[in-house]
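What the coordinates show
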Amino acid sequence: MTDTLSIRSGGASFDLPITDGTIKANDLKQVSTAQGPLATYDPGFMNTAACRSAITYIDGDAGILEYRGYPIDQLAASATHLEVAYLLLKGELPNADQLASWEHTVNTHRFVHENVGNFIRSYRHDAHPMAKMMAAVASMQTFYPSSRRLDDPEAREMNIVRLIAKIPTMAAWSYRHSIGRHYVYPNDELGYVDNFLAMLFQSQQRVYQADPRVSRAMEILFILHADHEQNCSTNAVRAVASAGNDVYTSAGAGIGALFGPLHGGANEAVLKMLREIGSVDRVPEFVEGVKNGKARLMGFGHRVYKNYDPRARIIKKACDDVFEVTGVNPLLEIAVELERIALEDEYFVKRRLYPNVDFYSGLIYEALKFPPEMFTVLFAVPRTAGWAAQWLEGVTDPEQKIMRPKQVYTGHRERDFVPVEAR
Ligand code: CMC
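Residues numbered from 1 in each chain as written. Predicted model: local features only at pLDDT ≥ 70, side-chain atom pairs only at ≥ 80, totals over all residues. Heavy atoms only, no water.

If you check an unreviewed UniProt entry, the protein chain appears there as Citrate synthase from Propioniciclava sinopodophylli. Per its UniProt entry, the protein chain bears the Pathway (unreviewed entry) comment "Carbohydrate metabolism; tricarboxylic acid cycle; isocitrate from oxaloacetate: step 1/2." Heading Sequence similarities (unreviewed entry) of the UniProt record for the protein chain holds this comment: "Belongs to the citrate synthase family." (UniProt positions renumbered as here; feature names shortened; annotations may be inferred.)

Spelled out as structure tokens, the structure:
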């Protein structure tokens, strides 16, 4: 028996079928109200599914995150970022041959056109690296016009490869430009993460070799950030893609969304907050301020997780490995105390606010000597894999349409124009 939602309006009764725990919003149109056909009002899409997706599963109450059915802790423990990118895109883990071929393809497409380097150079030195990378990624469409052929599977795949392969180069060059250093070109001999670290940190005098513990920690961070279903930036990617846009233009929009302090920019904001708190004994005073609405506890709370974010747990553990190499970040003590007090406090308990992915990641990035402006860039680079998978799923989904929400109009109607001299 099909479940239905019964609605009574204007003396009539309507039974709307419930499928997969949802009703089709379009079905509501048959319910007439005094203001016209019934619609939903849902600012922030608190309870609206905009697509069907088979990529990432989250159970926010239980704190579960899976990519294509594989638990995030198993992937973080054993996989590489490129392996996870393949899984997100193709739905299955690659076998050894498929993985070797995929790594070779991605790793040999890392070079970007020299004009992109010049383009990044043309920014002021203090331009935020996220802004430079957003523009550089969106510009890729002009170098690869085949990306506009959304109905060509080969073109789709090739341009996804290019995006995933080249974004570390653009990210590293955006950073090197900020610090006035020469660009480091990609090295095909190095894996995805090691090559990225080398492009960021290599100096003229010596070859940069990442400590394997640091390299593995970065790999884990990349895996944890690779996808997160319909978050704000993925929604931006899908919305832009729904108008028939290529993967670069769509990813550029995703980078813009991720730049915001309530989304990817939160890791940068966490460090700023910890520094402002300054010492463990000032934590209670800060928490009181949060409760009185004076500040937000950055790195806490999540639209979906009403439990400990499983990514935060893994990152907290990765902190230990990195700090073994770099020495402990002194802000860790403040973060741990903040977490302890918040998790016991009625305000946070009642609202089910727990540490999210951004609470501890910034501490690692800072210990690795990344400036705060780079933190969100380090989120965007791996998230490209998820954006590409979600873009592909969206543009190949026959149920998808151009995304165009309704509004509840609250303004004036039918006013007569008044000439300026009469106003
Ligand atoms: N500090 C203090 N109060 C909070 C916080 C916080 N970090 N987060 C939520 N609340 C309160 C909020 O004031 C509200 O209280 P009330 O019911 O009394 O008005 C209640 O909790 C519900 O919050 P909300 O803003 O309606 O929840 P949301 O789902 O719209 O927002 C969020 C989710 C992530 C934007 C929010 O929790 C937040 O601003 N957190 C801090 C920023 C942050 O860490 N962002 C990174 C998110 S994880 C990475 C990512 O996916 O981008």
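This part covers the site of the ligand. Not every one of the 19 residues close to the ligand is listed here, only the nearest: His-263, Arg-296, Leu-297, Gly-299 and Arg-303. Gly-299 places a main-chain nitrogen or oxygen 2.8 Å from an oxygen atom of the ligand. Within the side chain of Tyr-347, one N or O atom sits 3.0 Å away from a nitrogen atom of the ligand. Burial of the ligand by the protein amounts to 74% of the accessible area it has alone, namely 940 Å². Residues of the shell around the ligand, tallied by class, amount to nine nonpolar, six polar and four charged. (Near = heavy atom within 4 Å. Polar contact = N/O pair within 3.5 Å; in protein donor to acceptor, adjacent residues only side chain to side chain. Areas by Shrake-Rupley, 256 points an atom, 1.4 Å probe, with all protein chains shown as cover. Nonpolar A, V, L, I, M, F, W, Y, C, P; charged D, E, K, R; others polar.)

Moving on, we come to the side chain of Asp-309. Along the chain, Asp-309 falls in the loop between helix 12 (283–291) and helix 13 (310–326). Residues contacting Asp-309, with those up to four places away along its chain left out, are Pro-355, Asn-356 and Val-357. (Helix = DSSP H or I, 4+ residues; strand = E, 2+ residues; numbered from the N terminus. Contact = heavy atoms within 4.5 Å.)

Take helix 9 (residues 232–242) next. Looking only at helix 9, the buried set comprises Ser-233, Thr-234, Ala-236, Val-237, Arg-238 and Ala-241. Lining the buried residues of helix 9 we find helix 10 (247–258) and helix 17 (375–395). (Buried < 20%, exposed > 50% of the residue type's maximum accessible area, 1.4 Å probe, protein only.)

Annotation from UniProt places "active site" (unreviewed entry) at His-302 and Asp-358. Spatial clustering of the annotated residues is evident: they stretch over 57 residues in sequence, but the largest pairwise C-alpha distance comes to 10.5 Å. Of note, His-302 is situated in the loop between helix 12 and helix 13. In this structure His-302 comes out as partly exposed when scored by relative accessible area, which is 22%. Other than its neighbours up to four places away in sequence, His-302 contacts His-228, Arg-311 and Asn-356. In terms of polar contacts, His-302 uses its side chain to reach the backbone amide nitrogen of Val-304, at 2.9 Å. Considering the arrangement of structural elements, one finds Asp-358 in helix 16 (residues 358–367). Asp-358 has contacts with His-263, Gly-264, Ala-266, Asn-267, Val-270, Gly-299 and Phe-379, leaving out every residue within four places of it along the chain.

Now for empty space enclosed by the protein. Going through the model one piece at a time under the given rule, you end up with one cavity of 30 Å³ or more. Here the largest cavity is characterised by a volume of approximately 40 Å³. Considering the residues around the largest cavity, the lining is formed by Arg-238, Ala-241, Ser-242, Gly-394, Val-395, Gln-400 and Met-403. Here the element with the most residues in the lining of the largest cavity is helix 9; it accounts for three residues. Tallied by class, the residues present in the lining of the largest cavity amount to three nonpolar, three polar and one charged. (1 Å grid on protein atoms, 1.4 Å probe; cavity = no way out; pocket = protein on both sides within 12 Å on 5 of 7 lines; lining within 4 Å. Points joined across faces, edges and corners; volume = space filled by probe spheres on them.)

So, on to unusual backbone geometry. Even without glycine at this site, Asp-20 takes up a positive phi of about 50°. Mapped onto the secondary structure, Asp-20 falls in the loop between strand 2 (12–17) and strand 3 (32–33). Note on Asp-20: relative accessible area 63%, which makes it exposed.

Before going further, it helps to spend a moment on the layout of surface pockets. Looking at the second largest pocket, its volume works out to about 200 Å³. Around the second largest pocket, the lining comprises 15 residues; the ones closest to its centre are Leu-190, Ala-198, Val-207, Tyr-208 and Gln-209. At the level of secondary structure, the elements contributing two or more residues to the lining of the second largest pocket comprise helix 7 (192–201) and helix 8 (212–224). Of all the elements, helix 7 adds the most residues to the lining of the second largest pocket, at four residues. Among the residues making up the lining of the second largest pocket, the classes are represented as nine nonpolar, five polar and one charged.

On to the sheet that holds strand 7 (residues 70–71), then. Read from one edge to the other, the open sheet built from three strands follows the order 5-6-7, with strand pairing classed as antiparallel. Looking at strand neighbours, the two that pair on one side only are strand 5 (56–59) and strand 7, the edges of this open sheet. Bridge count for strand 6 (residues 64–67) against strand 7 is two bridges, and the pairing is antiparallel. Bridge pairing in strand 7 links Tyr-67 to Tyr-70. (Pairing = 2+ DSSP bridges.)

Another point: the packing of aromatic side chains. Summed over the entire model, instances satisfying the criterion amount to 17 aromatic pairs. With a centroid separation of 6.5 Å and an interplanar angle of 80°, the aromatic rings of Tyr-175 and Phe-201 are classed as edge-to-face. You can see Tyr-175 sitting in helix 6 (residues 153–178) and its partner Phe-201 sitting in helix 7, a full 26 residues away along the chain. Given a relative accessible area of 7%, Tyr-175 falls into the buried group. On the basis of relative accessible area, Phe-201 is assigned to the buried category, the value being 18%. The ring of Tyr-308 carries Arg-313 above its face, with NZ or CZ at 4.4 Å from the centroid. The ring of Tyr-347 is capped by Arg-351, whose NZ or CZ atom sits 3.8 Å from the centre of that ring. (Phe/Tyr/Trp six-rings, centres within 6.5 Å; stacked < 30°, edge-to-face > 60°. Lys NZ or Arg CZ within 6 Å of the ring centre and 35° of its normal.)

With that out of the way, let us pick up the pattern of salt bridges. Counted by the stated rule, this structure contains 20 salt bridges. For Arg-149, the salt bridge is made with Asp-152, and the minimal N-O distance between the two is 3.0 Å. Under the relative-accessibility criterion, Arg-149 is labelled partly exposed at 43%. Through salt bridges with shared partners, a single ionic network connects Asp-20, Arg-52 and Glu-399. (Salt bridge = Lys/Arg side-chain N within 4 Å of Asp/Glu carboxyl O.)

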